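# Examination of the molecular architecture
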Amino acid sequence: MADLDNKEQTEMDPADMEDVEEVEEEETAEENSKARQLTMQMMQNPQILAALQERLDGLVGSPSGYMESLPKVVKRRVNALKNLQVKCAHIEAKFYEEVHELERKYAALYQPLFDKRSEIVRAAYEPIEEECEWKQDEEEELTEEMKEKAKVEEEKKDEEKEDPKGIPEFWLTVFKNVDLLSEMLQEHDEPILKHLQDIKVKFSDAGQPMSFTLEFLFEPNEFFTNTVLTKTYKMRSEPDESDPFSFDGPEIMGCTGCTVDWTKGKNVTLKTIKKKQKHKGRGTVRTVTKTVPNDSFFNFFSPPEVPENAELDEDSEAVLAADFEIGHFIRERIVPRAVLYFTGEAIEDDDDDYDEEGEEADDEEGEEEADEENDPDYEPKV
């Protein structure tokens, strides 16, 4: 009887064998699908992610075992190379110190141009016709008829409103056009920033510790008595003795703001709230007025203090990291190219990089869709 069963199995129809294979494939696909779903569920669990991240952090910098396997004489030579690398880091630090000196030198050459920019913005100087001529690109050139029409419309607009002085709301517009800065702006900040006349960058003097100061110059206003608000960033350009290989150029070590002398009732960094309190014994209710911090751009001038040889909490570290990024961006991009952020041209240049990445992503998606359509088992989504 057993022989008969074996004979039936060996003489099974090939079509039946295919059905068995298909069932096995379906079971395997179902198991893989369940495994993927389980993995996704695990990866969405914060505790599992934290444990995984802790494990990965522990592996960073851990020896691979290769160095331990090297002969002692080779290890000695590798140590010699590492000592050379430390010397390279110190030379690199000197390089950046000289770069800082060059920045100081060229800042002095730029400043007369920036001063003239400020004079035009705040109507202290009216540029002559020759200074106002701007050659348009060929694509932007207009026909004589269109130029005449535009001129008439412009003159009509000028007749309908008073002649503005300088370039109104220049710096406020710059801030609103830059995502990094506009995120800091609150509605109650805007009337104050309309009085901002200029932003200057001052570098530390020769022989002094590396630093730069941002100076925000304001015209007299109803909000505070300061004419200048400052923010100083202290920098370091030397390798850390405990980890010299981590050196990657100057880093900001801390920053110092300034005291804003607010006019009474005009401090936008604070707000007053009213809370009701109930007496535990008598049951009476009273209203208490309390002053609490308020979101404002002007908190920029009151950064968290960085204690020496002490660790910051995560919130303070995040605030300082964002602060350093903003200060560096104002120094490197906003001040040198303010007019291009005012017109939006600098923003368009920045966006071009992202557009190219987006196009590449679109191309990849298109290729994936084409591959799916060529698949004989592909079923389009409804």
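Look up: the structure comes first, before these words.
The numbering scheme is per chain: residues are counted from 1 as the chain's sequence reads. Owing to the predicted nature of the model, reporting of local features is limited to residues with pLDDT of at least 70; listing and counting of side-chain atom pairs is limited to 80 or more, with chain, interface and lining totals taken over all residues. With hydrogens and water set aside, each side-chain value is computed from the structure's full complement of heavy atoms.

## Some words on the sheet that holds strand S2 (residues 211–218)
Following DSSP output, two strands are said to pair if at least two bridges run between them. We count a stretch as a helix when DSSP gives it H or I for four or more residues in a row; a strand needs E for two or more, and each element gets its number in order from the N terminus. On the basis of which strands lie adjacent, the open sheet formed by 4 strands has the order S1-S2-S3-S4 and antiparallel pairing. If you trace the sheet from one side to the other, it starts and ends with strand S1 (196–203) and strand S4 (251–256), each paired once. Each strand axis lies, on average, 20° off the axis of its neighbour in the sheet, ignoring direction. Relative to S4, strand S3 (residues 228–236) runs antiparallel, the two being bridged by 5 bridges. By the bridge assignment, Lys 234 is partnered in S4 with Gly 254. Contacts from helix H8 (residues 170–177) reach S1 and S2 within the one sheet, and its direction differs from that of S1 by about 70°. The axes used here are C-alpha line fits, helices contributing only the stretch in contact, and every angle between their N-to-C directions lies in the interval 0 to 180 degrees. By the convention used here, residues are in contact when the closest approach between their heavy atoms is within 4.5 Å.

## Thoughts on the pattern of salt bridges
Basic side-chain nitrogens of Lys or Arg form a salt bridge, by our definition, when they fall within 4 Å of a carboxyl oxygen of Asp or Glu. Applying the stated rule across the entire model yields 11 salt bridges. In this structure, the salt-bridge partner of Glu 169 is Lys 194, at a minimum N-O distance of 3.6 Å. Of the two residues, Glu 169 sits in the loop between helix H7 (144–160) and H8 while Lys 194 sits in the loop between helix H10 (190–193) and S1, which places them 25 residues apart along the sequence. Exposed residues in this analysis have more than 50% of their type's maximum accessible area, buried residues have under 20%, and partly exposed residues fall in between, with area computed by a 1.4 Å probe over protein chains only. Judged by its relative accessible area of 44%, Lys 194 falls in the partly exposed class. Within this structure, Glu 103, Arg 331 and Glu 332 form a network of salt bridges that share partners.

## Here we look at the pairing of S3
Along S3, the buried face is formed by Leu 229, Lys 231, Tyr 233 and Met 235; none of Val 228, Thr 230, Thr 232, Lys 234 and Arg 236, which line the opposite face, is buried. Both S2 and S3 contribute to a ladder of 7 bridges, which runs antiparallel. Residue pairing for S3: Thr 213 is matched across the bridge by Thr 232.

## Digging into a nonpolar patch on the surface
Side chains of Leu 102, Tyr 106, Leu 109, Tyr 110 and Leu 113 sit close together on the surface and give an oily, nonpolar patch of about 550 Å² of accessible area. Take Leu 109: its relative accessible area is 53%, and that puts it in the exposed class. The residues that make up patches have over 30% relative accessible area and no salt bridge, and they are joined within 9 Å when like-charged or within 5 Å when they are Val, Leu, Ile, Met, Phe, Trp or Tyr. Note on areas: Shrake-Rupley, 1.4 Å probe, and residue coverage restricted to the protein chains presented here.

## With respect to unusual backbone geometry
Most peptide bonds adopt trans geometry, and most residues besides glycine take a negative phi value. Phi angles above zero are rare outside glycine, and Ala 123 is one such case at about 65°. By the secondary structure assignment, Ala 123 is in the loop between helix H5 (72–121) and helix H6 (129–132). By relative accessible area, which is 39% here, Ala 123 ends up partly exposed. Even without a glycine there, the phi angle at Glu 169 is positive, about 55°. Judged by its relative accessible area of 35%, Glu 169 is partly exposed.

All we've got here are geometric facts, nothing functional implied.
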